[in-house]
Amino acid sequence: MTILRACLHLPASNYFARSVYRASVYRANQWYSSAAAAAAAVAENERKPLFDKILIANRGEIACRVISTAKRLGIKTVAIYSEADAQAMHVKLADEAYLIGTAPASDSYLQADRIINVVNQSGAQAIHPGYGFLSENADFAEQLGKQGITFIGPPEAAMRAMGSKSESKRIMQEAGVPVVPGYHGENQDPEFLKQQADQIGYPVLIKAVLGGGGKGMRIVEKPQDFAMMLESSRREALKSFGDDNVLVEKYLTKPRHVEVQVFADKLGNVVHLFERDCSVQRRHQKIIEEAPAPDLLPEIRQQLGAKAVAAAKAVNYVGAGTVEFIMDDETQQFYFMEMNTRLQVEHPVTEMVTSTDLVQWQLEVAAGNPLPKLQHEIHCTGHAFEARIYAENPDTGFLPDTGRIVHLSTPQPSADVRVETGVQQGDAISVFYDPMIAKLVVRGNDRREALRVLRKALDEYEVVGLHTNIAFLKRLAQSKDFIDGQVETGFINKHLEDLFPKANVPSNEAIALAALAYLIDSSTQAARATQFGLASPWSAVDSFRLNAFGMQTALLEYGDQQYSVQVLVLQPGVYTIRVMCEGKQVAEFTQVRSQWSPFAGSPSGGGQLQALLDRRLCRSNVVFSKESITVFDQGQMSVFSIPAPQFLDHTDKGAGSITTPMSCKIVQVLVNIGDEVEQDTPLVVLEAMKMEHVIKAPKAGQISDIFYKKGELVEEGKTLVAFTE
């Protein structure tokens, strides 16, 4: 008991009161272990109460995540929102909500003074910053402290120390934590930085000194590319973090990204909650994370945890933080990269394997209470994955997409499946914010079981209205090397053939289901519109319309391939379906029995089609739009277009033009009318969803016209530049 009293900083005379309170904590919070309750229990008159009301200075899924824990704890929540987020989920879930500005984050979620005014107006006692926006802004935290508002995060001194990549590396070296070779100094002269890169040896990595999330990060393969990459890195860093200082480091050719979750309280206790592997990335941003990291030597796991705790102690850290390491996959030698002084996007995988609620931990620590668990009481059980569902098109280099979610169906949540999201059906993904739709988090008793749960959950995830990476995540989860745990940051580029298959042909069943659903629904809609009503023979759904043979033909396109599908009515609800391609029959389904159930109250057209095809009972969601039919069958999504009549087809945009791949803002026009350009010459720099994208010439030619200038907002599919060969 002497050890327990020392940990709790309580005199022996309070032991009886502490024991009584410990029992009440255990009954009220089953997620605590008995050891955790012992560590967290203090006398009733000494334990600090949690906040009555908090403001969440964020949006989207992280705001919803914080609200969820706060509601469970009886804490009132205050949301802030921009004009674009007026109907957002976090606004609806919070107890109160306040409008703070227009859509751009610079005029809303980054407006510290407005947020503080809302705190004072609402009577909130503390601010939870989430991640991104102001979550790692030391000036904001300091401003809150001066006004007596609790910042649910680390002290501003720790944020300043770890927020600068160069300063943090100096501190880590003094604390005995290994760092990557490179230049981390204050000299920002481009020529000097180029000289440092030449000395380090290519490839090198240019990184923004402040911030994270892959923003302001560029890999430079050749000396001649350094100047352009440096300028791009600085421009993106300035927009994202308000600071364009960078550092230059050696780029490891086969690295892994391994990070450690740490937590510290105001009483001097610091723990780690094991490591996560975040190696599989695109555009230097994570898309799938797991805990624990696969195939690490036991001594390496121990060293990672010890070095992460040392890093936190070196800056007198308090709260949730993540120490990120880059690891040589061959030797498992690891180097400090940075410390994120906030709760990470991927924190749920740690929660799943440690049976914790890290948001509750944040609230306890911010209130001045000890950590709910000490190091010897934290155990890693099972394996967890988090797959980030993004609005983006993997087939176009993972370019982000915008649009309205016209259909959304997610896996059923359970103890082993979590869907963390801030959007719902009907919401729009805009150009102003990050394109992440949701996080799909799963757990299993081991890695292979967790992967099996993940694959099933991905099969059940349906989104229509914009491009997503769901199909890509499915292929990733099915990749043999990924299943075997052979992960590293170059995984996607090294497995392009498996992850981006060229042959993508819909199943005959999907084609038949699309045609049958389309014809039944079209007939139903026609029946509702006719003046004769449902009693009219013209509205007979099962025979579509009265003709000599009781047959209809649907034309569907899938990529460059066109299918003609004949649906013959044998009797009400019973059909023969023939799939034709290039004049040949490729499939026939006989005695097809079906039932069509339109979606109730859904803004999207469509419904569930139940059909018996070759003795298999299909239950498929089918979604209609003006130009397409989307079929979900056995976990596969097939999108068919409906060919327009020739007299309405105006799709030819002409050769020699460049169009916008997404809604965006013009950052820089790099050419002038009359310029001669070679293939792959950079033409225009676009900004979408806080990331920059360089549009290059597809072939050599002369610039004949430029349609937009710097600063203009452009919709998807608009012509940017025209040129002649």
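Residues numbered from 1 in each chain as written. Predicted model: local features only at pLDDT ≥ 70, side-chain atom pairs only at ≥ 80, totals over all residues. Heavy atoms only, no water.

Trainee: It is not clear to me how the sheet that holds strand β4 (residues 126–128) should be interpreted in this structure. Could you clarify?
Mentor: Paired through their backbone hydrogen bonds, the strands of a sheet run either parallel or antiparallel. Here we have 5 strands laid out as an open sheet, ordered β3-β2-β1-β4-β5, and parallel in their pairing. This sheet does not close on itself; its edge strands, each paired only once, are β3 (96–101) and β5 (150–151). Two strands pair when backbone bridges link them, and strand β1 (residues 53–56) and β4 are joined in this way by 3 bridges, in the parallel orientation. Within the sheet, the bridge partner assigned to Ile 56 lies in β4 and is His 128. (Pairing = 2+ DSSP bridges. Helix = DSSP H or I, 4+ residues; strand = E, 2+ residues; numbered from the N terminus.)

Trainee: Even after reading the chapter, I still don't get the pattern of salt bridges, so can you show me in this structure?
Mentor: Opposite charge on two side chains lets them pair, provided their charged atoms get close. In total, this model carries 47 salt bridges according to the counting rule given. Two residues, Lys 71 and Asp 95, come together in a salt bridge whose shortest N-O distance is 4.0 Å. Of this pair, Lys 71 sits in helix α4 (residues 60–72) while Asp 95 is found in the loop between α5 (89–93) and β3, placing the two residues 24 residues apart along the sequence. When its relative accessible area of 41% is taken as the criterion, Lys 71 is described as partly exposed. The partner of Glu 142 in a salt bridge is Arg 160, and the shortest N-O contact between them spans 2.6 Å. Here the residue Glu 142 occupies a position in helix α7 (residues 138–146), and Arg 160 occupies one in helix α8 (residues 156–163), the gap between them amounting to 18 residues. Relative accessible area serves as the criterion here: at 29%, Glu 142 is assigned to the partly exposed category. (Salt bridge = Lys/Arg side-chain N within 4 Å of Asp/Glu carboxyl O. Buried < 20%, exposed > 50% of the residue type's maximum accessible area, 1.4 Å probe, protein only.)

Trainee: I'm lost on the nonpolar core in this one. Help?
Mentor: Proteins that are soluble and globular tend to have nonpolar side chains buried together. Ile 54, Phe 263, Val 280, Ile 437, Leu 454 and Phe 482 are the most contacted members of the largest nonpolar core, which totals 69 residues. Here this core takes 6 residues from helix α14 (residues 358–366), the largest share from any one element. Once you skip the residues sitting within four places of it in the chain, Phe 263 turns out to touch Asn 269, Val 270, Val 271, Leu 273, Gly 319, Ala 320, Leu 358, Trp 361, Gln 362, Val 365 and Leu 371. Core analysis: the next-biggest nonpolar cluster, separate from the first, contains 34 residues, Leu 516, Ala 554, Val 569 and Phe 624 among them. (Core = buried A, V, L, I, M, F, W, Y, C linked by side-chain atoms within 4.5 Å. Contact = heavy atoms within 4.5 Å.)

Trainee: So what exactly am I meant to see when it comes to unusual backbone geometry here?
Mentor: The bulk of non-glycine residues show a negative phi, and the bulk of peptide bonds are trans. Residue Tyr 202 is joined to Pro 203 through a cis peptide bond whose omega torsion reads 5°. With respect to the helices and strands, the residue Pro 203 is situated in the loop between α10 (190–200) and β7 (204–208). Each neighbour pair has its own omega, and for Ala 291 with Pro 292 the value is -5°, a cis peptide bond. As for its position among the elements, Pro 292 is in the loop between β14 (288–291) and α12 (298–314). Residues other than glycine seldom take positive phi values, yet Asp 614 does so here, at roughly 50°. Positionally, Asp 614 belongs in the loop between β30 (605–613) and β31 (616–624). You will see that Arg 615, though not glycine, has its phi angle at about 70°, which is positive. Within the element layout of this structure, Arg 615 appears in the loop between β30 and β31. Under the relative-accessibility criterion, Arg 615 is labelled exposed at 80%.

Trainee: Looking at this model, I keep getting lost on the side chain of Gln 362. Mind explaining?
Mentor: Within the secondary structure, Gln 362 sits in helix α14. For Gln 362, a relative accessible area of 7% puts it in the buried group.

Trainee: Please explain the packing of aromatic side chains as it appears in this structure.
Mentor: The description of two aromatic rings rests on the distance between their centres and on the angle between their planes. Going through the model one piece at a time under the given rule, you end up with 15 aromatic pairs. Arranged with centres 6.3 Å apart and planes meeting at 90°, the rings of Phe 140 and Phe 151 form a pair that is edge-to-face. Residue Phe 140 is located in helix α7, and its partner Phe 151 is located in strand β5; the two are separated by 11 residues in the primary sequence. As far as burial versus exposure is concerned, Phe 140 and Phe 151 are alike and both buried. Where Phe 398 meets Phe 472, the ring centres are 5.1 Å apart and the plane angle is 85°; that geometry is what we call edge-to-face. Of this pair, Phe 398 sits in the loop between β18 (392–393) and β19 (399–400) while Phe 472 sits in helix α16 (residues 470–478), and the two are 74 residues apart along the sequence. Across the pair, Phe 472 and Phe 398 agree in class, each one buried. (Phe/Tyr/Trp six-rings, centres within 6.5 Å; stacked < 30°, edge-to-face > 60°.)

Trainee: Which parts of the structure should I look at to understand the sheet that holds strand β39 (residues 701–706)?
Mentor: Strands sit in the order β34-β41-β39-β36 across an open sheet of 4 strands; the sheet is antiparallel. Two strands close off the open sheet at either side, each with one partner strand: β34 (657–659) and β36 (676–677). Pairing of β34 with strand β41 (residues 719–724) involves 3 bridges; the strand directions are antiparallel. If you follow Thr 659 over to β41, its bridge partner there is Thr 719.

Trainee: Is there a simple way to explain the environment of Ala 86 in this structure?
Mentor: The residue Ala 86 is located in the loop between β2 (76–82) and α5 in this model. Separated by 17 residues in the primary sequence, Ala 86 and Ala 103 place their C-alpha atoms 9.9 Å from one another. Ignoring any residue separated from it by four or fewer positions in sequence, one finds Ala 86 in contact with Tyr 81 and Val 91.

Trainee: I tried to follow empty space enclosed by the protein on my own but got confused; where do I start?
Mentor: Over the atoms rolls a probe the size of a water molecule, and in doing so it shows where empty space is left. On inspection of all chains with the given rule, the structure shows 3 cavities of 30 Å³ or more. Roughly 50 Å³ of volume is contained in the largest cavity. Surrounding the largest cavity, 13 residues form its lining, Pro 129, Ile 152, Gly 153, Arg 342 and Gln 362 being those nearest its centre. Taken together, the residues that form the lining of the largest cavity break down as 6 nonpolar, 6 polar and 1 charged. (1 Å grid on protein atoms, 1.4 Å probe; cavity = no way out; pocket = protein on both sides within 12 Å on 5 of 7 lines; lining within 4 Å. Points joined across faces, edges and corners; volume = space filled by probe spheres on them. Nonpolar A, V, L, I, M, F, W, Y, C, P; charged D, E, K, R; others polar.)

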